[in-house]
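Summary of the model geometry
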Amino acid sequence: MLNDTPDPSQTSEALGPMPIEVSARVRNLPPYLFGKINALKAQKRRAGDDVIDLGMGNPTDPPESWVVDKLCEAARDARNHRYSVAQGIDNLRREVAKRYEVRFGVTLDPDEEIVTTIGSKEGFSHMCLALLGPGDTALAPAPTFPIHAHAVALANANVIALDITDPGQFLANVAQMCTHLYPRPKVLILNYPHNPTATVVETAFFEEIVSLARRFHFAVIHDFAYGDIGFDGYEPPSFLSAKGAKDVGCEFTTMSKGYNMAGWRVGFAAGNRAMINALKSIKGYYDYGLFQAVQIAAIVALRHGEEARRAQVLEYQKRRDVLVEGLNRQGWNVPRPKAGMFVWAPIPEPWRSRMGSIDLAMKLIEEADVAVSPGRGFGDAGEGFLRLALVENDQRLRQAVRQMTRCLRTESKEA
């Protein structure tokens, strides 16, 4: 007769946790280079230190009060607590289509050429799953915003990063890769205004991209996350405004930046029907879409928020001037970006030759209580630079410059 009484020595407590083998796609992900800085930032704040955080493009300004009011009103409607739809509610997609028509002169079918995403990062990652697989190659910008490489890796595809800081040379490098690489690249990833370098282009650049895409038969994914923020009269162009762009690619936008709705996670994909439908298929399996109250509030923000968006752009422009001028007065040589939320600052001597960007970023948070992103976190092409986000107010930015200057000046004297 079998004894059903468990042997205490064989209980899970006695045996310990069973080893779990994670997938190769997880094992192959590189270490998160910003993790150590984020951990130190949290530790210092728990200890009561006032850390000025210029490391992450996380808006500190709130959305307009009337957008929040609409969210609250919609949240009180019991009907909005049901599952939504993965592609986004009809009226929100129609509002996105109107926005493209008014701002960029681009006509989009809300049903076939637009899908709502849970922030642009989710949409971009799932688009990579929809288009790429083992043996495929994507071309990406260098320096590289991490998800532009890691989403490709998570799709079990290969990524080749090309320097993006000279748009003309970038076009030539894309053509060269497509000519000599076999199999040819399947996807080209673009990001203008570029994170982290703030490189910008005009519509003519996108027209050249469309021509290359037709010639070499690759799909284009344009991350337009910073398209709402242009300075000194510069208006970042949409990739879709280039003739024929919808035939070869799609574009991701977000309400995180210009509308201060980063935590709301409202993004959109628009463009090529086959690509949009492929993304819909992926999302249909993965999620039920955004909380409907958030989508309703996003409609109101898009419909009535253009004046507020422009005011926010002017605020970022003012912060850019405060930070760039403050650093340059202290001996830096920082170019004035034309768009985006970041200053891409070449590390000045003698620190550039003395330590890498990660070590310098750690020094600044440890000794100056200022958090910045090391350029190395964006790949080898980012070494020698720091990325500073324009998310603090003028007073805090001036204080950050003073604290950085004091820290580095002391280091210079000690040397």
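These notes cover the structure that comes with them. (Residues numbered from 1 in each chain as written. Predicted model: local features only at pLDDT ≥ 70, side-chain atom pairs only at ≥ 80, totals over all residues. Heavy atoms only, no water.)

**What about the packing of helix H5 (residues 90-104) against helix H12 (residues 292-304)?**
Two elements in contact, H5 and H12, have axes whose closest approach is 9 Å; the angle formed by their N-to-C orientations is 20 degrees. Between H5 and H12, the crossing angle belongs to the class labelled roughly parallel. The way H5 lies across H12 gives a crossing that is left-handed. Between H5 and H12, the residues in contact are Asn91, Leu92, Glu95, Val96 and Arg99 and Gln295, Ala298, Ile299, Leu302 and Arg303, respectively. Considering only residue class, the contact of H5 with H12 consists of five nonpolar, two polar and three charged. (Axes fitted to C-alpha atoms, helices over the stretch in contact; angles between N-to-C directions. Helix = DSSP H or I, 4+ residues; strand = E, 2+ residues; numbered from the N terminus. Parallel < 35°, antiparallel > 145°, perpendicular 65-115°, else oblique. Left-handed = near helix turned anticlockwise from the far one by under 90°. Contact = heavy atoms within 4.5 Å. Nonpolar A, V, L, I, M, F, W, Y, C, P; charged D, E, K, R; others polar.)

**Examining the nonpolar core**
Of all hydrophobic cores here, the largest spans 54 residues; its most connected members are Phe170, Val174, Phe218, Phe239, Met255, Met261 and Val266. Of all the secondary structure elements, the ones that give two or more residues to this core are helix H4 (65-75), H5, helix H8 (167-180), strand S5 (187-190), helix H9 (203-216), helix H10 (245-248), strand S8 (267-271) and H12. Those residues in contact with valine 174, other than ones at most four positions away along the chain, are Leu139, Leu162, Leu188, Leu212 and Phe218. Core analysis: the next-biggest nonpolar cluster, separate from the first, contains 44 residues, Ile37, Met341, Val343 and Leu390 among them. (Core = buried A, V, L, I, M, F, W, Y, C linked by side-chain atoms within 4.5 Å. Buried < 20%, exposed > 50% of the residue type's maximum accessible area, 1.4 Å probe, protein only.)

**Considerations on a nonpolar patch on the surface**
Residues Leu129, Tyr285 and Tyr286 make up a contiguous nonpolar surface patch of about 410 Å² in total accessible area. A relative accessible area of 77% places tyrosine 285 in the exposed class. (Patch = residues over 30% accessible without salt bridge, like charges linked within 9 Å, V, L, I, M, F, W, Y side chains within 5 Å. Areas by Shrake-Rupley, 256 points an atom, 1.4 Å probe, with all protein chains shown as cover. Salt bridge = Lys/Arg side-chain N within 4 Å of Asp/Glu carboxyl O.)

**Some words on the packing of helix H6 (residues 119-131) against helix H11 (residues 273-286)**
At a minimum axis distance of 9 Å, the contact between H6 and H11 shows a crossing angle of 105 degrees. Relative to H11, the element H6 is oriented roughly perpendicular. Contacts between H6 and H11 involve Glu122, Gly123, His126, Met127, Leu129, Ala130 and Leu131 from the first element and Met275, Ile276, Ala278, Leu279, Ile282, Lys283 and Tyr286 from the second. Within the contact of H6 with H11, the residues separate by chemical class into ten nonpolar, two polar and two charged.

**Here we look at the pairing of S5**
Side chains Val187 and Ile189 of S5 all project onto a buried face; the interleaved residues Leu188 and Leu190 project onto the opposite face, where all are buried too. Both strand S3 (residues 137-142) and S5 contribute to a ladder of two bridges, which runs parallel. Bridge assignment links alanine 138 to a residue of S5, and that residue is valine 187. Between the parallel elements S5 and strand S6 (residues 219-223), the chain passes through H9 in a crossover that is right-handed. (Pairing = 2+ DSSP bridges. Right-handed = clockwise from strand over helix to strand, strands pointing away.)

**A few points about the sheet that holds strand S11 (residues 373-374)**
Strand order across the open sheet formed by three strands is S9-S12-S11, with antiparallel pairing between neighbours. In this open sheet, the two strands that pair with only one neighbour each are strand S9 (342-346) and S11. Sheet analysis places S9 next to strand S12 (residues 385-389), joined by five bridges and oriented antiparallel. Within S12, the residue paired with proline 346 across the bridge is phenylalanine 385. The strands touched by helix H15 (residues 357-367) are S11 and S12; relative to S12, the strand with the most contacts, the crossing angle is about 45 degrees.

**A look at the packing of aromatic side chains**
Counting across every chain of the model gives twelve aromatic pairs. Residues tyrosine 100 and phenylalanine 104 carry aromatic rings whose centres are separated by 5.5 Å and whose planes lie at 50 degrees to one another, so their mutual orientation is tilted. On the criterion of helical spacing, the pair formed by tyrosine 100 and phenylalanine 104 is a turn pair, its members being four residues apart in helix H5. The burial state of tyrosine 100 is the same as that of phenylalanine 104; both residues are buried. (Phe/Tyr/Trp six-rings, centres within 6.5 Å; stacked < 30°, edge-to-face > 60°.)

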